[in-house]
Structures are given as C-alpha cells and as structure tokens.
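# Architecture and fold: a report
Spelled out, the chains give:
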Amino acid sequence: MLKNLLLSCLAFALLTPAMAQHKRRVLIEEFTNASCPPCASQNPAFNAVLEDNSAYVTPIKYQTNWPGFDPMNVQTQVEVQPRVNYYSVTGVPYGRENGSAAISPVVNYSSARIEAAYNTLTPVTINLTHSFTADYDSILLSVSVTSDSALSGTLRLRVAVTEEGIYFEEAPGTNGETEFFNVMRKMLPNSNGTTTGDFAAGETKNYQFAWALENIYDLNQVAAVA
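Structural notes, computed from the coordinates. (Residues numbered from 1 in each chain as written. Predicted model: local features only at pLDDT ≥ 70, side-chain atom pairs only at ≥ 80, totals over all residues. Heavy atoms only, no water.)

## Considerations on the pairing of strand S3 (residues 94–97)
Heads up, the condition is: Three labels apply to residues, based on accessible area from a 1.4 Å probe with only protein chains included: buried if under 20% of the type maximum, exposed if over 50%, partly exposed otherwise in between. Numbered from the N terminus, helices here are DSSP runs of H or I no shorter than four residues, and strands are runs of E no shorter than two. The criterion for strand pairing is that DSSP finds at least two bridges linking the strands in question.
Residues Tyr94 and Arg96 line one face of S3 and the alternating positions Gly95 and Glu97 line the opposite face, and both faces are buried. Sheet topology note: the strand S1 (residues 26–32)/S3 ladder contains 4 bridges and is antiparallel. Paired with Phe31 across the two strands is Tyr94, which belongs to S3. Connecting S3 to the antiparallel partner strand S4 (residues 101–103) that follows it, the hairpin turn spans 3 residues, and Asn98 within it adopts a positive phi of roughly 50°.

## Concerning the packing of aromatic side chains
To be explicit about the condition: Between 30 and 60 degrees the pair is tilted, below 30 it is stacked and above 60 it is edge-to-face, where a pair is any two Phe, Tyr or Trp rings, Trp via its six-membered ring, whose centres lie within 6.5 Å.
As enumerated under the stated definition, the model contains 9 aromatic pairs in all. Their ring planes at 80° and their centres at 6.0 Å tell us that Tyr167 and Phe181 sit as a pair that is edge-to-face. Here Tyr167, found in strand S8 (residues 159–167), pairs with Phe181, found in strand S9 (residues 179–188); they are 14 residues apart in sequence, far enough to count as distant. The class of Phe181 is partly exposed, set by a relative accessible area of 24%. Note on Phe168 and Tyr217: the rings are 5.4 Å apart at their centroids and 70° apart in plane angle, and the pair reads as edge-to-face. Of this pair, Phe168 sits in the loop between S8 and S9 while Tyr217 sits in the loop between strand S11 (203–212) and strand S12 (222–225), placing them 49 residues apart in sequence.

## Some details on the pattern of salt bridges
Any two side chains of opposite charge can pair if their charged atoms end up close together. Threshold: Any Lys or Arg side-chain nitrogen located within 4 Å of an Asp or Glu carboxyl oxygen qualifies as a salt bridge.
Across all of its chains, the model carries 5 salt bridges by this definition. Taking the shortest distance from any N to any O, the salt bridge between Glu29 and Arg83 comes out at 2.9 Å. With a gap of 54 residues between them, Glu29 in strand S1 and Arg83 in helix H2 (residues 71–87) connect regions that are remote in the sequence. Here Glu29 matches Arg83 in class, with each residue buried. Across the salt bridge formed by Glu97 and Arg113, the nearest N and O atoms sit 3.3 Å from each other.

## Quick look at the state of the cysteines
The criterion, for reference: Here, a disulfide means two cysteine sulfur atoms that sit within 2.5 Å of each other.
Following the criterion strictly, the structure yields 1 disulfide and no others. Residue Cys36 pairs covalently with Cys39 via a disulfide, S to S 2.4 Å. Judged by the sign of its S-S torsion, about 85°, the cystine formed by Cys36 and Cys39 is right-handed.

## Here's the deal with unusual backbone geometry
Following Ser104, the chain continues to Pro105 via a peptide bond in cis, the omega torsion being 0°. Residue position: Pro105 is located in the loop between S4 and helix H3 (111–118). Cis geometry marks the peptide bond from Leu188 to Pro189, where omega comes out at -5°. A positive phi angle is found at Ser88, which is not glycine, with a value near 55°. Within the element layout of this structure, Ser88 appears in the loop between H2 and S3.

Scope: geometric values only; no functional claims are made or implied.
This is the structure in structure tokens:
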C-alpha cells in the first residue's frame, strides 16, 4: 500500500524561549555521495542513530556530484547544488541539524544530541499531508503552518519529496553502498522555497504543491518533508 505520511519539521530560526510552546521535530540534512569512501564508512552508524530516533527526527539526504559519480545526483543536481551553496559545504559526508548546528563527522552524531534539539521549543507547528493522483503519475502536497506567537523576518517554507529507501542490487557508485535513505527527489517549488511573510499570533497559512513524478525508484518509498 502506498504510504500517506504525516511529517513535520521546523525551519524557523532565532525563536526566543518566551515564544516557545511546542517541542521541535529535529530536521536532519545530510550531504553524501555514492562514490565517497568516508560516506560508506560513516553512513551506517549515522543512519542507525536516525532510525533509532525516527519518532523525533525528519531526515533528508542530498546526493552531491562529488567526489565521484552518483546517479541520484544526476537526477537532482539542479536542486542539490543550491543547498550545497547555502551551507557552504566543502566535503562529504556532512550534516546540519535544524538548519544551523553542524554535524561533522556524522559518525559521532548521537541520540543525546537529538534529544536536546527535540526539547528546543517553538511556537510553530507544521502539518503536511500528501496523496497521489488516480494514475499515480503525480504527487499532491498540502502544508498548513501555524504560529502561536507573532513572527517576523525573512521566513521561508521549504518542501521536498523524498524516497525513504532506494535499494540497488549493485553499488551505483564506487564506494560499495547499495542502500540509500531519505533521499531528496524534488524540492517544491524549488530549492529556494516559498516566502511566507510575517505571522500574526495564532495565524495559520496554507500551501498546496503538485509535482509530476519522475526518476522515482519505488512509489511505495515516496514521502514528503516540510
């Protein structure tokens, strides 16, 4: 059965404790590559920590175009590169927690650190649902964002379609990895996201996105992140 997942993560920064009311699902972004030897050695332990804390984290992986070939990057490079530039990533594997704290080396990331990030409170809640068209050729996403406190600044909503698991019979790159998780397949509408404008206290804003599916390995693994 195709999945309908409800995932939420928070992309709003610089929130003061006075505003905070909700625990924060932890956004984990990792940059990795199918031909990167350190990625192959560090990702298994890193992925295990994320799996053990799946109730608290929302992971998204960007497959880069270096140090070597990666077929998933060939399909997504146009949106991976702006994220590389955004964080000034110069080597992989490399991660970010909630858009700010660096995760490097990723092999040292821990459940204790996830717990601390989860307990960082926020006034914002995000509800995300997705469905497919009748012939399964497109995905439809609905995102509802509410802030219990007034927010102002340069606020953006970023939404992505991911595949929770991509499994190859033979390694697609040169580092021996055959299993890849939470891989970004498309950012909606693009990697720049959507400017939301300010929020009044208690205000809810709703957004709709659609994408004609392409380069998906397994529809049963499709998920969405906001």
